[in-house]
Amino acid sequence: HYQGIKAACEELGVGIEVYENAAEYSGECEKAIRKMAEKGIRMIFLESFNYPDEVGEIIKEYPEISFYCCSTDISLKNYKTYFARVYQARYLSGIVAGMKTESNHIGYVAAMDNSEVNRGINAFTLGVQSVNPEATVHVTYTGAWDNKEKEQQEAYTLVKECGVDVLSYHQNQSFIVDVAEEMGVYVIGYNIERGEYSDYLLTSVVSRWDIVYQEIIRDYLQNKDVGDKNYWIGIEKEAVGLAFYSDAVPQAAIEEVNRATELLCNNKEVFSGRIYDLAGNQRCSEDEVIRDEVLMQKMDWLVEGVEVYEDN
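Student: So what's going on with the overall build of the protein? Residues and values would help.
Tutor: A tally of helices and strands in the protein yields 10 helices and 13 strands. Its C-alpha radius of gyration of 20 Å places the protein within 12% of the 20 Å reference for a compact globule of 312 residues. Based on the C-alpha atoms only, the size of the protein along its principal axes is roughly 60 × 45 × 35 Å. The buried share among the 312 residues of the protein stands at 51%.

If you want it as structure tokens, here you go:
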């Protein structure tokens, strides 16, 4: 996020001041806000999920300042949320996984059982099913964003116990990629570049946060009245996508991703048409689209085709 906002500010000729290492619920976020307010700063990004809950009352004290935070949603006149539609890129990566697997068993190591993570799992699975309806996505939750030992053990278990031959994940670090390379298993990364990895790293889901920040900052500089709009910026503005393809990705998969990308850029929705959850309940009908409100806050369910692995 720092790299993204810095790039956006440089592109727009805007100065930036950074207050670092403000642990949540430590009082440091409030200190930072008050210092910036004293300096006359009138646009503040709160770069950690729980900051708004912590300083909601402080935000009210500064109606002249526009506050923004990634993901968290509270209702204040001078506060807006923003995010990238990462799930669209998850859908595309599911296409790659669905066309690469030979066992029809794909693994997904997830952090938390929340709407953001489940939204990604569901989009990934829908992408898999769009090209390979016989495949199953085996999901395991680690309960943490950063736990190297747990993440790698879960990946190993999915390979050995479920027979997965392609892995993906939603964690802060790329520990899953490291263990996949050691095991000789194909893997899809998250917010990483190719680097020194081998062809086992098929591709990576990425967000272009500079594009997101540019739109928000530009609207502010132009004093644009966006009303109650929150920012959720997607593939049509190149804010999300796949970073690269290794030589192990079939050309047919690349062509299918390109076709799906074009459709998404022309208003096709990932969460549209007939969708069922694991209990067999219909969550979306043939002529429906699941609303953003549900995607953002109420995705406490998983789509048909997912199998949650619980280690007994």
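Student: Kindly report on the nonpolar core, identifying the contributing residues and their values.
Tutor: Formed by 85 residues in total, the largest nonpolar core has its most connected members in Phe 45, Tyr 82, Tyr 91, Leu 92, Leu 167 and Phe 271. The element that contributes the greatest number of residues to this core is helix α4 (residues 86–100), accounting for 8 residues. Counting 17 residues, the second-largest nonpolar core is a separate cluster that includes Cys 29, Ile 65, Phe 67 and Tyr 79.

Student: Provide a residue-level description of the pairing of strand β1 (residues 43–46), including the pertinent values.
Tutor: Successive side chains on a regular strand alternate, one facing one side of the sheet and the next facing the other. Burial along β1 is two-sided: Met 43 and Phe 45 facing one way and Ile 44 and Leu 46 facing the other are all buried. Since β1 and strand β2 (residues 66–70) lie parallel, the crossover through helix α3 (residues 51–61) that links them has a hand, and here it is right-handed.

Student: Before we move on, could you go through unusual backbone geometry and cite the residues and values that matter?
Tutor: Note on backbone geometry: most residues besides glycine have negative phi, and most peptide bonds are trans. Phi at Tyr 25 takes a positive value of approximately 60°, unusual for a residue other than glycine. Within the secondary structure layout, Tyr 25 lies in the loop between α1 (2–12) and α2 (28–38). If you check the backbone angles, Asn 223 has positive phi at about 55° while not being a glycine. Turning to its location among the elements, Asn 223 is positioned in the loop between α8 (209–221) and β9 (231–233). With a relative accessible area of 69%, Asn 223 lands in the exposed category.

Student: Help me get a handle on the sheet that holds β1, residues and values and all.
Tutor: On the basis of which strands lie adjacent, the open sheet formed by 4 strands has the order β1-β2-β3-β9 and parallel pairing. One side of each edge strand has no neighbouring strand; the edge strands of this open sheet are β1 and β9. Strand-to-strand twist across the sheet, computed as the mean angle between neighbouring axes with direction ignored, equals 20°. Against the sheet, α8 contacts β1, β2, β3 (79–84) and β9, and its axis sits at roughly 150° relative to β3.

Student: Please set out the pattern of salt bridges residue by residue, giving values where relevant.
Tutor: It is possible for side chains bearing opposite charge to pair when their charged atoms get close. Here the structure, examined in full by the defined rule, presents 17 salt bridges. Across the pair Glu 154 and Lys 150 runs a salt bridge, and its minimum N-O distance is 2.9 Å. Residue Glu 154 and its partner Lys 150 are both found in helix α6 (residues 148–162); the two are separated by 4 residues, about one turn of the helix. When the shortest N-O distance is used, the salt bridge between Asp 277 and Arg 283 registers 2.9 Å. By relative accessible area, Arg 283 is classed as partly exposed at 37%.

Student: Could you give an account of the environment of Val 128, with specific residues and numbers?
Tutor: Structurally, Val 128 is set in helix α5 (residues 115–131). Classification of Val 128 by relative accessible area gives buried; the value is 0%. The contact partners of Val 128, leaving out residues within four places of it in the chain, are Gly 94, Ile 95, Ala 97, Gly 98, Ile 106, Ala 135 and Val 137.

Student: Can you break down α1 residue by residue, with the values?
Tutor: Where α1 is concerned, the buried positions are Gly 4, Ile 5, Ala 8 and Cys 9. Buried residues along α1 cover an arc of 130° about the axis, so they all sit on one side. Away from its buried face by more than 90 degrees, α1 exposes Gln 3, Glu 10 and Glu 11. The inward-facing, buried residues of α1 contact β1 and α8. Directly after α1, the chain includes Gly 13, whose backbone phi takes a positive value near 70°.

Student: Explain the sheet that holds strand β7 (residues 186–190) to me, and be specific about the residues and the numbers.
Tutor: With respect to topology, 7 strands assemble into an open sheet ordered β10-β8-β7-β6-β4-β5-β13, the strand pairing being mixed. Whereas interior strands pair on both sides, the edge strands pair on one side only; in this sheet they are β10 (240–242) and β13 (306–308). Adjacent strand axes in the sheet meet at a mean angle of 20° when their direction is disregarded. Pairing analysis gives 3 bridges linking strand β5 (residues 136–141) to β13, with the strands arranged parallel. Bridge assignment links His 138 to a residue of β13, and that residue is Glu 307. On top of the sheet, α6 reaches β4 (105–110), β5 and β6 (166–170); it is set at about 160° to β4, its chief contact.

Reading the values: rules and limits
- Residue numbers restart at each chain and count upward from 1, following the sequence in its written direction.
- With the structure being a predicted model, the display of local features is reserved for residues of pLDDT at least 70 and the display and counting of side-chain atom pairs for 80 or more, all residues being used for whole-chain, interface and lining totals.
- Water and hydrogen atoms were dropped before computing side-chain values, which therefore reflect all heavy atoms in the structure.
- The numbering of helices and of strands both runs from the N terminus, where a helix is a DSSP run of H or I of at least 4 residues and a strand a run of E of at least 2.
- Every radius of gyration here is taken over C-alpha atoms, with the globule rule written as 2.2 Å times N^0.38, N being the number of residues.
- Using a 1.4 Å probe on the protein chains alone, a residue whose accessible area is under 20% of its type maximum counts as buried, one over 50% counts as exposed, and one in between counts as partly exposed.
- The definition of a nonpolar core used throughout is a set of buried Ala, Val, Leu, Ile, Met, Phe, Trp, Tyr and Cys residues joined through side-chain atoms within 4.5 Å.
- The path from the first strand over the helix to the second decides the hand: if it runs clockwise while the strands point away from the viewer, the crossover is right-handed.
- One requirement defines pairing of two strands: DSSP has to find at least two bridges between them.
- Axes, fitted as lines to C-alpha atoms, cover a helix only where it is in contact. Angles between the N-to-C directions of the axes lie from 0 to 180 degrees.
- Residues are treated as being in contact if the distance between any of their heavy atoms lies within 4.5 Å.
- Salt bridges are identified by distance alone: a Lys or Arg side-chain nitrogen within 4 Å of an Asp or Glu carboxyl oxygen.
- The arc in question is the one spanned by the directions pointing from the helix axis to the C-beta atoms.

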